[in-house]
Structure formats: C-alpha cells, structure tokens
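Read off the chains here:
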Amino acid sequence: MDDDNGEGVAIANLIGTDGRSVVGWVYSWTTGAHAVMWDVHGPQPVSKIRPDISDEQKQEIDFEALMRIGRDEGG
C-alpha cells in the first residue's frame with residue numbers, strides 16, 4: 001500500500017443502459033475520496049450502481065452526469 005498516494009478498492013459496479021453490463025466501477029480511496037474508473041471502452045451512460053452507494057457518494061462522483069453521458073452531444 002502506498003500511504004503517500006493512497007490506494008483504491010472497487011466498492012460498486014456501474015451498470016450500463018442495458019441493465020446488466022458493467023461499464024465501470026466506483027472506487028473508494030484510502031484518502032477518503034471516491035472516483036469512477038471506466039472499462040476499456042471509456043465513459044458510457046450509466047443506468048444504476050450495484051450495490052447501491054450512499055447519496056453523498058453518488059453526489060461526489062456526480063451520478064446524475066454519469067446517466068447523461070452521450071445524451072447531451074450532437075446538438
């Protein structure tokens with residue numbers, strides 16, 4: 001473990017719009033921060049988080065924006 005930079009552990013899966021594909025993960029860092037890591041395809045719209053995380057954690061990773069990825073483009 002690197003105490004200077006922190007280490008993260010995946011605490012939840014980000015589920016794609018098909019309702020079953022894992023498109024990324026929510027990581028909790030030893031620093032107390034939460035962040036999103038995407039699969040090899042990069043950012044994709046998210047429909048839900050499994051297992052569910054707290055409202056505060058959702059706000060920190062901006063879950064509302066994750067659900068809008070790709071929908072605000074092209075116009």
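Provided above is the structure to which this section pertains.
Small disclaimer: the values here were computed from a predicted structure and weren't measured.

**Things to note about the environment of Leu14**
Okay, so step 1: You can see Leu14 is positioned in strand 1 (residues 8-16).
Okay, so step 2: Look at Leu14 and you get buried, because its relative accessible area is 0%.
Okay, so step 3: Along the backbone, Leu14 and Phe63 are 49 residues apart, and their C-alpha atoms lie at a distance of 9.7 Å.
Okay, so step 4: Once residues lying within four places of it in the same chain are set aside, the contact partners of Leu14 are Ser21, Val22, Val23, Gly24, Trp25, Val26, Val36, Trp38, Val46, Lys48, Ile49 and Leu66.

**Considerations on the nonpolar core**
Okay, so step 1: Residues Ala12, Leu14, Val23, Val26, Val46, Ile49, Ile53, Ile61, Phe63 and Leu66 constitute the largest nonpolar core, which totals 10 residues.
Okay, so step 2: When contributions to this core are tallied by element, the ones reaching two or more residues are strand 1, strand 2 (22-29), strand 4 (46-50) and helix 2 (63-68).
Okay, so step 3: Residues within four places of Val46 in sequence aside, it is in contact with Leu14, Ile15, Val23, Trp38, Phe63, Leu66 and Met67.

**So, the sheet that holds strand 1**
Okay, so step 1: The sheet built from four strands is open, its strands ordered 3-2-1-4 with antiparallel pairing. Lying at the two open borders of the sheet, with one neighbouring strand each, are strand 3 (34-38) and strand 4. In this sheet, neighbouring strand axes are inclined to one another by 35° on average, regardless of whether the strands run parallel or antiparallel.
Okay, so step 2: Two elements, strand 1 and strand 4, share four bridges in a ladder whose sense is antiparallel. Its bridge partner being in strand 4, Ile15 is matched across the sheet by Lys48.

**Observations regarding the environment of His34**
Okay, so step 1: Along the chain, His34 falls in strand 3.
Okay, so step 2: It is 6.9 Å that separates the C-alpha atoms of His34 and Gln57, two residues lying 23 residues apart in sequence.
Okay, so step 3: Sequence-distant contacts of His34, defined by excluding residues within four places in its chain, comprise Ile11, Tyr27, Ser28, Trp29, Gln57, Glu60 and Ile61.

**Comments concerning the pairing of strand 2**
Okay, so step 1: When strand 1 meets strand 2, the two strands line up antiparallel, connected through seven bridges. From the neighbouring strand, Ala10 faces strand 2, where its bridge partner is Tyr27.
Okay, so step 2: Taken together, strand 1 and the strand that follows it, strand 2, pair antiparallel across an intervening segment of five residues, in which Gly19 is found at a positive phi of about 85°.
Okay, so step 3: Two elements, strand 2 and strand 3, share five bridges in a ladder whose sense is antiparallel. If you follow Tyr27 over to strand 3, its bridge partner there is Ala35.
Okay, so step 4: Between strand 2 and strand 3, which follow one another and run antiparallel, lie four residues, and Gly32 among them has a positive phi close to 100°.

The rules behind these values
Residues numbered from 1 in each chain as written. Predicted model: local features only at pLDDT ≥ 70, side-chain atom pairs only at ≥ 80, totals over all residues. Heavy atoms only, no water. Helix = DSSP H or I, 4+ residues; strand = E, 2+ residues; numbered from the N terminus. Buried < 20%, exposed > 50% of the residue type's maximum accessible area, 1.4 Å probe, protein only. Contact = heavy atoms within 4.5 Å. Core = buried A, V, L, I, M, F, W, Y, C linked by side-chain atoms within 4.5 Å. Pairing = 2+ DSSP bridges. Axes fitted to C-alpha atoms, helices over the stretch in contact; angles between N-to-C directions.

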